[in-house]
Each structure stands twice: as structure tokens, then as C-alpha cells.
Amino acid sequence: MDQLRRTFLKSAGIAGSVVVAIGAGLLKSGEALAAAWNTSAFTAKNISDAMSGAGFAGAAESKDIVIKAPEIAENGAVVPVEVTSNIPGTTSMAMFVEKNPTPMVGSFDFLAGAEPYVSTRIKMGQTSLVRVAVKAGGKTYMASKEVKVTIGGCGG
Amino acid sequence: MAGEMKMRATLQGDVAEVKVLMSHPMEPGTRKDAKTDKLVPAHFINHVVATLNGKSVLEAQWGGAISKNPFLGFKVKGVKAGDKIDVKAEDNQGNKFDGNVAVA
């Protein structure tokens, strides 16, 4: 009887500390799919802070990053952007809109089997450079393309 | 309803081109409601992971500047017909969505 009580108390104690750990933010409930969301890069208010937050400070210009986007986008809320990196060993890519209030749009990590290609649709508040940065072989590269926006897509 | 996913994967040689359309408001949290003049709370997909036969091939982090009802296209090589591609997404409010497709 006493033995049972001991065991119970012990497990209750362990359960209790797990609850405390969750409360303290040590263990997030429903822990995410992958690495933690890059808050510093996504909330940065200018392109250089966003790029350094995402690990692309000092990226070299490269013509081997091909950005396909319209010259003129009538609706800034939906701008199709398609990017291919022809730089060998490309492992990740990030998109930025220079003049958006928070320039970082998203980042993409290519794991075994994925081609360094992404196609998506992004929001642009006004005419701006769309910048794509990639990591390849431990180095960083970038390319830009201007998209003219007739109606901005950040307001509503 | 937020979270529905439509997927298509077509094979060219051994490369599958995968297209995913998700249904989500993608509210950046900076937009004002025209009627109430209050900020609409942020509600956007921030994590996306794609797997080929259970093995991760693409991991993405998104912000509120991905358009409403997001579109994602990517390419995977070393694929044959019948292989399974899964996409899992999660938004900033902790909602989880997934979809899958067999390569055709």
C-alpha cells in the first residue's frame, strides 16, 4: 500500500514538472514542423535588416538566379513569382520585397531531392525590387527584379 | 474553410512538378478592417513541409506577404509514378493542415 502511494506521488511529481515546463515555455505544446520561425527576419522593417536576419548579409550579385515575375502587376495582392537557382549546391532560398513594410516574404530550404526552384504568389505594397537570395556551398548570392505595381496589395 | 489543400504532381522524366493550392486568409496583422478601423489580427501560414514517401524534401517559412489562398510550386527529382507527396502546413495560431497526392 505504502509502495503504491510512493509510486503515485513520484509520477504525480514528474507530471507536475512537465506542466511547469510547458508553462515556462520550455516545451511548446504542439511544437512546430521544423525550425523555429525566424521572427527577427520576418519583422525587420528594412531590406538590409531582413536579409541579415535571414543569414544573407553581404550576398554577392549573381546572374544564375533566375526570377520570373511580371514587369507590371495590376494587383499587388497577388504577384506570381517563380525562381530557379542555377548555382550548383543551392540549399536554400529567401524572397524579399524591398519596399514592403516588412520586406521578408518567405524562405525555402531544399533538402535531398528537391530542385532549387520555387513558384508562389506574393503581396507587394507598391512598385519595388523583388529580391531573391540563395545559399550555395556555404556562400550567399542574390538577384533582383523590379515589378511595377498599379494597385498595392498591403492595405485592404 | 481555412486549410483545404488541393495538390497536383505531374512527372516529367524523373522530376515531379508539384503544385499546391491552400485555402487560407493570410492576414498579415497590419491590415485595418474598413468598417471597424481596427487591425485585423495576424493569421497566416508560417511553416510548410513537403515530404516524398515520408522523407522531407522542402521546408519553408512564410510571413504575411504570401498571398491569400497561397500557391506553392516545387520540383522533386528521383521520383516515379505512384510515389507519395505529402504537404503539411501550420499557421501562427497553431492550426495544422495537410494534403497529399500520388505522382501521376
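Residues numbered from 1 in each chain as written. Chains lettered and ligands numbered in written order. Predicted model: local features only at pLDDT ≥ 70, side-chain atom pairs only at ≥ 80, totals over all residues.

Draft legend 1. Broad picture of the nonpolar core. Counting 63 residues, the largest nonpolar core has A:Ile122, B:Val48 and B:Phe74 as its most contacted members. The contact partners of A:Ile122, leaving out residues within four places of it in the chain, are A:Val79, A:Val81, A:Met95, A:Val97, A:Val105, B:Ala65, B:Ile66 and B:Ser67. (Core = buried A, V, L, I, M, F, W, Y, C linked by C-beta atoms within 7 Å. Buried ≥ 20, exposed ≤ 12 C-beta atoms within 10 Å, placed from the backbone. Contact = placed C-beta atoms within 7 Å.)

Draft legend 2. Looking closely at the pairing of strand S3 (residues 45-52) of chain B. Residues and elements named next belong to chain B. Summarising burial for S3: seven of the eight residues are buried, a large majority. Where S3 lies against strand S6 (residues 84-91), seven bridges are found, and the strand directions are antiparallel. Across the sheet, Leu52 pairs through a bridge with Ile85, a residue of S6. Where S3 meets strand S4 (residues 55-62), six bridges bridge the pair, whose relative direction is antiparallel. The partner of His47 across the bridge, within S4, is Gln61. (Helix = DSSP H or I, 4+ residues; strand = E, 2+ residues; numbered from the N terminus. Pairing = 2+ DSSP bridges.)

Draft legend 3. Molecular detail of the sheet that holds strand S2 (residues 65-68) of chain A. Reading across the sheet, the six strands line up as S2(A)-S4(A)-S7(A)-S5(B)-S2(B)-S1(B) and stay open at both edges, with antiparallel pairing between neighbours. Both edges of this open sheet fall to S2 of chain A together with strand S1 (5-12) of chain B, since each of them pairs with a single strand only. For this sheet, the mean inter-axis angle between neighbouring strands, taken without regard to orientation, is 15°. In this structure, S2(A) lies alongside strand S4 (residues 79-85) of chain A, joined through four bridges in antiparallel fashion. Each bridged residue has a counterpart across the sheet, and for A:Lys68 the counterpart in S4(A) is A:Glu82. (Axes fitted to C-alpha atoms, helices over the stretch in contact; angles between N-to-C directions.)

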